[in-house]
Amino acid sequence: MIRLHHVAFSRSFRVLWLLEELGLEYEVIHYDIRDGSLRGAFQELSPAGRVPALETGDQVLFESGAIHEYLTETYPRAGLGRAAGTIQRARFLEMLHFAETMAGCIEQLNMQHVFLRDPAQASAMVIKLVTARLAGTLKALERLLEGQAFLLADGFSAADTMMGFNLFAAPYFVPLDGLAGLLAYRARLEARPAYGRARARDGAQKFYDRAFYPVPELGA
Ligand SMILES: N[C@@H](CCC(=O)N[C@@H](CS)C(=O)NCC(=O)O)C(=O)O
């Protein structure tokens, strides 16, 4: 039995997609990030009240990166985490963590633009700085992808399910227009049948009420 605790269009999408890439059977329990259901009893599964949490048999794991390592080790024949001790595995681990460096910027911008109850409490200076940091990670990713189709030079891996989610959230804050390599990479990810199946089980995105959130004027 595999059960994924999930919020639509959140980091738990990474795990949903990886489960599809691995061809596993699983159940999805859906939550709303705003209705308090990630607090209280849910924290027995994920102590900080965050998704994803993944139940497998009698164990529960939280943290999308740890779940990626666990699933790729548990189902090694798919080869999505590469073999221990290889340079590809080292690069795989590096990319799992880099995905969270980028996602941390997205999370801060979500907080400033979307989740504050009183939008007047947002800081234009913090938004400006964090948006620049997010743009920096995206440019770095574009450079890392030069000459290769996926994050690992030898082909698709679970590093792409981990990072791929970010490329659908980041454009709410940083346009990808000038980053042709990233747009092409994202299109390759979207074309994967497992990605399409995961989107079909994801649910409707409920946080963003516009397509783009610009940096406010300083002093506004
Ligand atoms: N580093 C964690 C972050 C998990 C996380 O922050 N998830 C967000 C959704 S993207 C969440 O559950 N937020 C709920 C909250 O902050 O209350 C991971 O990669 O799993």
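Residues numbered from 1 in each chain as written. Predicted model: local features only at pLDDT ≥ 70, side-chain atom pairs only at ≥ 80, totals over all residues. Heavy atoms only, no water.

Per an unreviewed UniProt entry, the chain goes by GST N-terminal domain-containing protein and derives from Puniceibacterium antarcticum.

Right, let's get into the site of the ligand. Around the ligand, 14 residues are found, and the nearest of them are R39, R50, E63, S64 and E100. Note that an oxygen atom of the ligand is positioned 2.5 Å from one of the side-chain N or O atoms of R50. Within the side chain of S64, one N or O atom sits 2.6 Å away from an oxygen atom of the ligand. Protein contact buries 84% of the 510 Å² of open area that the ligand shows by itself. Broken down by class, the residue content of the shell around the ligand amounts to 4 nonpolar, 3 polar and 7 charged. (Near = heavy atom within 4 Å. Polar contact = N/O pair within 3.5 Å; in protein donor to acceptor, adjacent residues only side chain to side chain. Areas by Shrake-Rupley, 256 points an atom, 1.4 Å probe, with all protein chains shown as cover. Nonpolar A, V, L, I, M, F, W, Y, C, P; charged D, E, K, R; others polar.)

A few words on the pattern of salt bridges. Inspection of the entire model under this criterion finds 15 salt bridges. Two residues, R192 and E21, come together in a salt bridge whose shortest N-O distance is 2.8 Å. With R192 in the loop between α7 (180–190) and α8 (193–202) and E21 in helix α1 (residues 12–21), this residue pair connects regions lying 171 residues apart in the sequence. The exposure class of R192 is partly exposed, given its relative accessible area of 22%. Linking R210 and D209 is a salt bridge whose minimum nitrogen-to-oxygen distance equals 3.7 Å. A residue is classified by how much of its surface remains accessible, and R210, at 47% relative accessible area, is partly exposed. The exposure class of D209 is exposed, given its relative accessible area of 65%. Taken together, the shared-partner salt bridges connect R11, R14, R50, E100 and E107 into one network. (Salt bridge = Lys/Arg side-chain N within 4 Å of Asp/Glu carboxyl O. Helix = DSSP H or I, 4+ residues; strand = E, 2+ residues; numbered from the N terminus. Buried < 20%, exposed > 50% of the residue type's maximum accessible area, 1.4 Å probe, protein only.)

Below, the discussion takes up the UniProt feature "domain: GST N-terminal" (unreviewed entry) in the chain. Residues given the UniProt feature "domain: GST N-terminal" (unreviewed entry) here are residues 1–79. A distance of 22 Å separates the end C-alpha atoms of residues 1–79, which is 27% helix and 24% strand. (UniProt positions renumbered as here; feature names shortened; annotations may be inferred.)

Bringing the pairing of strand β2 (residues 27–31) into the picture now. Pairing geometry for strand β1 (residues 2–7) and β2, over 5 bridges, is parallel. In the sheet register, H5 faces β2, and the bridge partner there is I29. Between the parallel pair β1 and β2, the chain is carried across by α1, and the sense of this crossover is right-handed. (Pairing = 2+ DSSP bridges. Right-handed = clockwise from strand over helix to strand, strands pointing away.)

What follows is about the nonpolar core. Counting 69 residues, the largest nonpolar core has L19, L134, L138, L141, F173 and Y208 as the members making the most contacts within it. When residues in this core are grouped by element, the largest group, 10 residues, is from helix α3 (residues 87–115). In terms of domain composition, this core takes at least three residues from each of domain 1 (2–78) and domain 2 (87–192). For F173, the contacting residues outside a window of four places in its chain are I106, L109, N110, H113, T131, L134, Y208, F212 and Y213. (Core = buried A, V, L, I, M, F, W, Y, C linked by side-chain atoms within 4.5 Å. Domains from an automatic or database assignment. Contact = heavy atoms within 4.5 Å.)

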